[in-house]
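Analysis of the macromolecular model
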Amino acid sequence: MDYVFKSQSKEATLKLGRSLGNVLQGGDILCLAGDLGAGKTALAQGIAAGLGISAVVTSPTFTLIQEYAASSQGKSLRLVHMDLYRLQHPEEVEVIGVEDAFQIDAICLIEWPEIAKDYLPEDRLDILIQGSGEDTRVLTFQFQTEGWQKRLEQVLSEYPQRG
Ligand SMILES: Nc1ncnc2c1ncn2[C@@H]1O[C@H](COP(=O)(O)OP(=O)(O)OP(=O)(O)O)[C@@H](O)[C@H]1O
Ligand SMILES: [Mg+2]
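Residues numbered from 1 in each chain as written. Chains lettered and ligands numbered in written order. Predicted model: local features only at pLDDT ≥ 70, side-chain atom pairs only at ≥ 80, totals over all residues. Heavy atoms only, no water.

Digging into the overall build of the protein
Of the regular secondary structure elements, the protein holds four helices and seven strands. Moving toward the C terminus, one meets the helices and strands of the protein in the order β-α-β-α-β-β-α-β-β-β-α. Since a compact globule built from 163 residues should have a radius of gyration of about 15 Å, the 14 Å found for the protein is in line with a globular shape. Viewed in the frame of its principal axes, the protein has a C-alpha envelope of about 40 × 35 × 30 Å. In the protein, 67% of the contacts between residues at least 6 apart in sequence involve partners at least 24 apart. Total accessible area on the protein is roughly 8,200 Å²; 47% of this is exposed by carbon and sulfur atoms. (Helix = DSSP H or I, 4+ residues; strand = E, 2+ residues; numbered from the N terminus. Rg over C-alpha atoms; globule rule 2.2 N^0.38 Å. Contact = heavy atoms within 4.5 Å. Areas by Shrake-Rupley, 256 points an atom, 1.4 Å probe, with all protein chains shown as cover.)

What follows is the structure in structure tokens.
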């Protein structure tokens, strides 16, 4: 299934991210795809805010993986933010330990996830952000399970700009 959301500004993308962050739970894996400057990190910043993280979230382009302490519904967990842009070969996904982050107490956000496709579980949320510069962004959320559908309905009720 998929849902389409539209965002007219960075602030709107942050707001959508916050609503999404509010419904996330440990074990969730979110793949954020889209060209350079599409708004993957902006969405990640909103998600982090929704998870009660006050640290500044930037693209972990040089560190590849950045971890934050988070909380969701009173439970403490980790937000693991990855950016795989600099990887050249799928084997590097194993070397840097992408799969090690798939733990029940961690929410994983993966920017530039394409190179890791063979390592990703089916139960995940794929988000494609289209548009750049000052364009309106079109965010397509794709998922396979009812669990994601229920949670995204909740996001939709807080952020009605649906495409
Ligand atoms: N609707 C929008 N949503 C998100 N960002 C927007 C929007 N409109 C304009 N922008 C601008 O687009 C840029 C998005 O940058 P961001 O770092 O989030 O992109 P990215 O997809 O993570 O890029 P990279 O692949 O380089 O990591 C910011 O400069 C932001 O101000
Ligand atoms: Mg980024």
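Picking up after the structure, the text goes on.
So, the packing of aromatic side chains
This structure, assessed with the given rule, holds four aromatic pairs. When the centroid spacing of 6.0 Å and the interplanar angle of 55° are considered together, the rings of phenylalanine 5 and tyrosine 159 count as tilted. A residue pair is termed long-range when its members are at least 10 positions apart, and phenylalanine 5 in strand S1 (residues 2-7) and tyrosine 159 in the segment after helix H4 (146-158) qualify at 154 residues. Taken as a pair, phenylalanine 5 and tyrosine 159 share a single burial class, namely buried. Measuring from centroid to centroid gives 4.8 Å for tyrosine 85 and tryptophan 112, while their planes differ by 50°, and the two rings are tilted. With a gap of 27 residues between them, tyrosine 85 in the loop between strand S4 (75-83) and helix H3 (91-95) and tryptophan 112 in the loop between strand S5 (106-111) and strand S6 (125-130) connect regions that are remote in the sequence. Connected via pairs of aromatic rings, a cluster forms that spans Phe5, Phe141 and Tyr159. (Phe/Tyr/Trp six-rings, centres within 6.5 Å; stacked < 30°, edge-to-face > 60°. Buried < 20%, exposed > 50% of the residue type's maximum accessible area, 1.4 Å probe, protein only.)

Topic: the coordination of the magnesium ion (ligand 2)
Bound to the magnesium ion (ligand 2) are the protein donor atoms Thr41 (OG1), Ser59 (OG) and Glu111 (OE), situated 2.1 to 2.3 Å from the metal. Taking relative accessible area as the criterion, threonine 41 reaches 15% and is therefore assigned buried. When its relative accessible area of 2% is taken as the criterion, glutamate 111 is described as buried. (Donors = N, O, S within 2.8 Å, 3.2 Å for Na, K, Ca; no water.)

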